[in-house]
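A structural walkthrough
Spelled out from the first residue to the last, the chains are:
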Number of protein chains: 2
Amino acid sequence: MLYLVGLGLSSVEDITVSGLKAVKQCSRVYLEHYTSILMSASQAELEEFYGKSVTLADREMVESGCEEILRGANSEDVAFLVVGDPFGATTHTDLVLRAKQQNIPVKVFHNASVMNAIGACGLQLYNFGQTVSMVFFHETWRPDSWYDKILANRKIGLHTLVLLDIKVKEQSYENMARGRLIYEPPRYMSISQCCEQLLEVDEKKSIKAYTPDTPCVAVSRLGSPTEAFKAGTIQELANYDAGEPLHSLIILGSQCHELELEYLLDFCDDREKFKKDVAKDREYFKPEPVMIEEDPEEEEE
Amino acid sequence: MLYLVGLGLSSVEDITVSGLKAVKQCSRVYLEHYTSILMSASQAELEEFYGKSVTLADREMVESGCEEILRGANSEDVAFLVVGDPFGATTHTDLVLRAKQQNIPVKVFHNASVMNAIGACGLQLYNFGQTVSMVFFHETWRPDSWYDKILANRKIGLHTLVLLDIKVKEQSYENMARGRLIYEPPRYMSISQCCEQLLEVDEKKSIKAYTPDTPCVAVSRLGSPTEAFKAGTIQELANYDAGEPLHSLIILGSQCHELELEYLLDFCDDREKFKKDVAKDREYFKPEPVMIEEDPEEEEE
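Every residue gets a number counted from 1 within its own chain, in the order that chain's sequence is written. By the order in which they are written, chains take letters starting at A while ligands take numbers starting at 1. In keeping with the model being predicted, local features are shown solely for residues with a pLDDT of at least 70 and side-chain atom pairs are shown and tallied solely at 80 or more, while totals for entire chains, interfaces and linings include all residues. Side-chain measures were taken over the full set of non-hydrogen atoms in the model, leaving aside hydrogen atoms and water.

As annotated in an unreviewed UniProt entry, chain A is diphthine methyl ester synthase from Eremothecium sinecaudum. Word for word, the UniProt comment on chain A under Sequence similarities (unreviewed entry) is "Belongs to the diphthine synthase family." Taken directly from UniProt, the Function (unreviewed entry) text for chain A runs: "S-adenosyl-L-methionine-dependent methyltransferase that catalyzes four methylations of the modified target histidine residue in translation elongation factor 2 (EF-2), to form an intermediate called diphthine methyl ester. The four successive methylation reactions represent the second step of diphthamide biosynthesis." UniProt positions are given in the numbering used here, feature names are shortened, and annotations may be inferred rather than shown by experiment.

Structural data, given as structure tokens:
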């Protein structure tokens, strides 16, 4: 049996009771280790908590070498641990498809992921549109396909969750070119860097998906003991030091309800200013005023 | 301290290890009992598992009588249990706001909810638009505000998660009028009933958000041992018996990727027909072909 086990967001104890039982009966345990990290738990702490050794699975192992993970899973139990939920921000449907092809039964243990726990900031999950990813800009590579998605969400009044890039076990171009297996230290995009990239791309565009004054919520270390929320405009959050990773950002949509707003006010430096920013931002993408057309048939009468 | 504890989707053991620890140290435990149910656990089983008595909290108690729940939470620990995540489909921000007003510290234990666990059907959470709720139609009350939301999602190619109505502890009009505290048996909307309501409203509309041939995924008992997925058109699923509750439905968007489609094919009665239905549905809301406008300045030259 292959167990896909969501670990939740922060500590070793955020696993479910049922998930923990499954892990404890496995002969091999892998931890997906390239799309997210468990904020308050090291590999050693996980191993102690499970009473088992845990193998870190990098992108190569999962994407090209499912074989290693699935080996013998017909006759013994193997666990594949995923931070958050196994079908959260990064889905592992490929691994499941391969297991199915080999007639290996699969059981999933769901858990919280950023995709639903984000509701803790007080915004309703119902009012979110599509989620986007923000990757680190490089000298020559500054992808902005997320821009049109934010625009589409904002046009219909919806909030946008922006997931920020994580680089774990990344090689420098030089080391990659020379075939040296030397990895760079992990990098996690900060809220301020994300906001700077938002502002940079905004400047280039003619149709405005947002402005520097668009209200946002900065979310840091969601689900951990040091979780923090900060509400402010993109411009303000470009100068906000959110501390340790992981960070996410929510760009508000104009459908922001009064109860949502009330909740956010606790996270503002200046409540009155934030209220004004929200009111001003609501004017963007406002539907055209409805013109009551005269009925041509009535005119004829 | 007020603990908001997500219970996950199905069994008593779907609570997190950290959440369970918190519940065990509480002097009072309430279970939110009007927006969802834990599919494979009774109140008695929860009480045995926690070693505590659990009070069922209905809508009246939560919405009008937070007092009862928050009483003494300054000096003792009180748990408020929510099926799924405390900020999932139904948020309990109001309870948190009231606790804050009374200077009662709040701690949240997140868990899986339908809003993220739905990824188990193979569709990417990134490709979902706003979630909608489908309520039971009555003789005189057939609300369809969800229609425009599905339309907005489908116009930009996104999937729509449809959450189906649950009626727990509902009074008949007669009993309500006469002030008799007699409650109807619980009712859970089925996938077939949801599809019938979709078809009924579709018939009335001139701008089509979907057609009877639009592909969907029926999701039943998500996260439980009898979880099931069925892919088919709205018309087909209107005749599908999905068995015991809880049910949800996903209406596909045209952005359905090949890997998503491959995963869904396992849930079809007729794979070739479903592929054709998806291909046909992709023609709806297709962007207009791009006309390259001649540059007027160039013409002038």
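Each salt bridge in this description consists of a side-chain nitrogen of Lys or Arg and a carboxyl oxygen of Asp or Glu lying within 4 Å of one another. Tallied over the entire structure, the rule returns 40 salt bridges over all chains. The shortest N-O distance in the salt bridge between A:Asp213 and A:Lys280 comes to 2.8 Å. Remark: A:Lys280 occurs in helix 12 (residues 271–281) and A:Asp213 occurs in the loop between helix 9 (191–204) and strand 10 (215–220); sequence separation between them is 67 residues. The classification of residues rests on relative accessible area computed with a 1.4 Å probe and restricted to protein chains. Under 20% of the type maximum is buried, over 50% is exposed, and intermediate values are partly exposed. According to the relative accessible area criterion, A:Asp213 is partly exposed, its value standing at 31%. Classification of A:Lys280 by relative accessible area gives partly exposed; the value is 44%. Here B:Lys273 ties to B:Glu236 by a salt bridge, and the two come within 2.6 Å at their closest N and O atoms. Of this pair, B:Lys273 sits in helix 12 (residues 271–281) while B:Glu236 sits in helix 10 (residues 234–237), and the two are 37 residues apart along the sequence. Since its relative accessible area comes to 34%, B:Glu236 is described here as partly exposed. Secondary structure is summarised from DSSP: a helix means a run of H or I of at least four residues, a strand means a run of E of at least two, and numbering begins at the N terminus for each.

By the secondary structure assignment, B:Ser192 is in helix 9 (residues 191–204). Its relative accessible area of 17% is what places B:Ser192 among the buried residues.

Here the focus is the relation of the copies chain B and chain A. For this overlay, a least-squares fit was computed on C-alpha atoms, restricted to residues scoring pLDDT of at least 70 in both copies. With an RMSD of 0.0 Å, chain B superimposes on chain A once it is rotated by 180° and translated 0.0 Å along the axis. As the rotation angle and translation indicate, the two copies are arranged about a two-fold axis. We call two residues in contact when some of their heavy atoms are within 4.5 Å. A high fraction, 100%, of the interface residues of chain B reappear at the interface in chain A, so the copies pair face to face through one surface.

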